[in-house]
Amino acid sequence: MPALDITSIMIPAGEVDLDGDLHLPERAAALVAFAHGSGSSRRSPRNRRVAEQLYSAGLGTLLFDLLTSAEEQQDHWTAQHRFDIDLLARRLGAATDWLRDQRQTEGLA
């Protein structure tokens, strides 16, 4: 399996920046975004294996966290953010907009 071409990125999402890993093979056919919420992260071994398989098939991937590390820690104890659908939806929208605005991803399905 080819090694992933990984770029660590920060996605502006309102008052915070979201951490992400962008994987783009040459001449990517499309891109799949993995949005991780509470209890999971872009470093999930299972999702990274899926991303590797998609990469091998010529698809780019964006694995990113919907919560900052501080929010994730707070959510672990309070569950404050995991059901904040408005917050999570805004951040998913910000990531989608960011992808559309990037030169290397703007034309990908």
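Since the model is a prediction, treat every value here as computed from it, not as a measurement. (Residues numbered from 1 in each chain as written. Predicted model: local features only at pLDDT ≥ 70, side-chain atom pairs only at ≥ 80, totals over all residues. Heavy atoms only, no water.)

A. Main features of the pattern of salt bridges. A complete count under the given rule lists seven salt bridges for this structure. The partner of Arg48 in a salt bridge is Asp21, with the nearest N and O atoms 3.3 Å apart. Placement of the pair is Arg48 in helix α1 (residues 45-56) and Asp21 in strand β2 (residues 16-23), with a sequence separation of 27 residues. We classify Asp21 as buried; its relative accessible area is 7%. (Salt bridge = Lys/Arg side-chain N within 4 Å of Asp/Glu carboxyl O. Helix = DSSP H or I, 4+ residues; strand = E, 2+ residues; numbered from the N terminus. Buried < 20%, exposed > 50% of the residue type's maximum accessible area, 1.4 Å probe, protein only.)

B. Seen up close, the nonpolar core. Within the largest apolar cluster, 19 residues are counted, with the highest numbers of intra-cluster contacts made by Ile11, Leu22, Leu62 and Phe64. Mapped onto this core, the elements with two or more residues apiece are β1 (6-13), β2, β4 (59-65) and α3 (85-101). Looking at this core element by element, the count peaks at six residues for α3. With residues up to four places along the chain from it excluded, the contact list for Phe64 reads Ile11, Leu18, Asp19, Gly20, Ala33, Phe34, Ala35, His36, Arg42, Leu92 and Ala95. (Core = buried A, V, L, I, M, F, W, Y, C linked by side-chain atoms within 4.5 Å. Contact = heavy atoms within 4.5 Å.)

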